[in-house]
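Close look at the chain arrangement
Read off the chains here:
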Amino acid sequence: MLATFLLLMAMALEVGAAGPPDGALWNRDRTAAVSSVHTDNGSVVTAYVRQQDDTFLTFDLSAVEGGNFGKLGRSRKDFDRFETTPIEWLQRQDGLLQVRIQTRAWRQGQRYTVTEPLVFSPDGRVVWR
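The shown structure was predicted, so the numbers you read here are calculated from the model rather than taken from an experiment.

Focus on the side chain of Arg107
Positionally, Arg107 belongs in strand S7 (residues 97-107). Among buried Asp, Glu, Lys and Arg side chains, Arg107 stands out as unpaired, with Asp78 the closest opposite charge at 5.7 Å. Excluding its chain neighbours within four sequence positions, the residues that come into contact with Arg107 are Arg74, Asp78, Phe79, Asp80 and Tyr112.

Topic: the pattern of salt bridges
Considering all chains together, one arrives at seven salt bridges under this definition. The shortest N-O distance in the salt bridge between Asp54 and Arg50 comes to 3.7 Å. Beyond isolated ion pairs, a larger network of salt bridges with shared partners links Arg81, Glu83 and Arg104.

Focus on the sheet that holds strand S9 (residues 126-128)
The antiparallel open sheet is built from four strands, whose spatial order is S6-S7-S8-S9. Here the strands that pair on one side only, and so sit at the sheet edges, are strand S6 (81-90) and S9. Between one strand axis and the next, the sheet turns through 35 degrees on average, direction left out of account. Packing of helix H2 (residues 63-72) onto the sheet brings it into contact with S6, S7 and strand S8 (110-120), and relative to S8 it is tilted by some 130 degrees.

Some points on H2
Since the α-helix packs 3.6 residues into each turn, any two residues three or four apart lie on the same face. Every buried residue of H2 is accounted for by Ala63, Val64, Glu65, Gly67, Asn68 and Phe69. After H2 finishes, the residue Gly73 shows a positive phi value of roughly 80 degrees.

Digging into the environment of Ser35
Its place among the elements puts Ser35 in strand S3 (residues 32-39). Residue class for Ser35 comes out buried when judged on its relative accessible area of 9%. Ignoring any residue separated from it by four or fewer positions in sequence, one finds Ser35 in contact with Pro21, Ala24, Val44, Val45, Thr46, Tyr48 and Pro86.

Comments concerning the side chain of Asn27
Within the fold, Asn27 resides in the loop between strand S2 (25-26) and S3. Among the polar contacts made by the side chain of Asn27, one reaches the main-chain amide nitrogen of Arg30 at a distance of 3.0 Å.

A look at the pairing of S6
The sheet contact formed by S6 and S7 spans nine bridges and is antiparallel. Residue pairing in the sheet places Thr85 in a bridge with Gln102 of S7. Between S6 and S7, which pair antiparallel and follow one another directly, the connecting turn spans six residues, one of which, Gly95, has a positive phi of 85 degrees.

Describing the environment of Arg81
Note on placement: Arg81 falls in strand S6. When the C-alpha positions of Arg81 and Thr39 are compared, they lie 9.8 Å apart, and in sequence the two are 42 residues distant. Residues in contact with Arg81, not counting those within four places in the same chain, are Arg104, Ala105 and Trp106.

Looking at the pairing of S3
Pairing geometry for S2 and S3, over two bridges, is antiparallel. Residue pairing for S3: Leu25 is matched across the bridge by Val34. From the end of S2 to the start of S3, which pair antiparallel, there are five residues, and Arg30 there has a positive phi angle of about 60 degrees. Inspection of the sheet shows S3 paired to strand S4 (residues 42-50) by eight bridges, in the antiparallel sense. Residue pairing across strands places Ala33 opposite Tyr48, the latter belonging to S4. As consecutive antiparallel partners, S3 and S4 are separated by two residues.

Basis of the calculations
- Residues numbered from 1 in each chain as written.
- Predicted model: local features only at pLDDT ≥ 70, side-chain atom pairs only at ≥ 80, totals over all residues.
- Heavy atoms only, no water.
- Helix = DSSP H or I, 4+ residues; strand = E, 2+ residues; numbered from the N terminus.
- Buried < 20%, exposed > 50% of the residue type's maximum accessible area, 1.4 Å probe, protein only.
- Lys, Arg positive; Asp, Glu negative; His and termini not counted.
- Salt bridge = Lys/Arg side-chain N within 4 Å of Asp/Glu carboxyl O.
- Contact = heavy atoms within 4.5 Å.
- Pairing = 2+ DSSP bridges.
- Axes fitted to C-alpha atoms, helices over the stretch in contact; angles between N-to-C directions.
- Polar contact = N/O pair within 3.5 Å; in protein donor to acceptor, adjacent residues only side chain to side chain.

This is the structure:
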């Protein structure tokens, strides 16, 4: 779990990147969004935080998927298919951002679901996973 946390903290940041794609999950005041793209090797989860000049700071939150597999007690290779998706923004009053991330995984016809309330700062630093 500590390794996942450190990996999340070490993810690269990109400033001035294009805005969130269509279908991204926006927070209430539209200052941040999260999106995911599902591939055969896992999901790419990206956060977009609006800057004062209306550009976006983007950073990769994909490591949350590995943490969710840890909660399931199996590695991703044990599943036939899986996908990780942001499902809900949670309101905070402390300047941090919090989004609930869900991983669904299928194995031998059975679906397993786990969620993670990921907390991060507007500069991309993961505070809680």
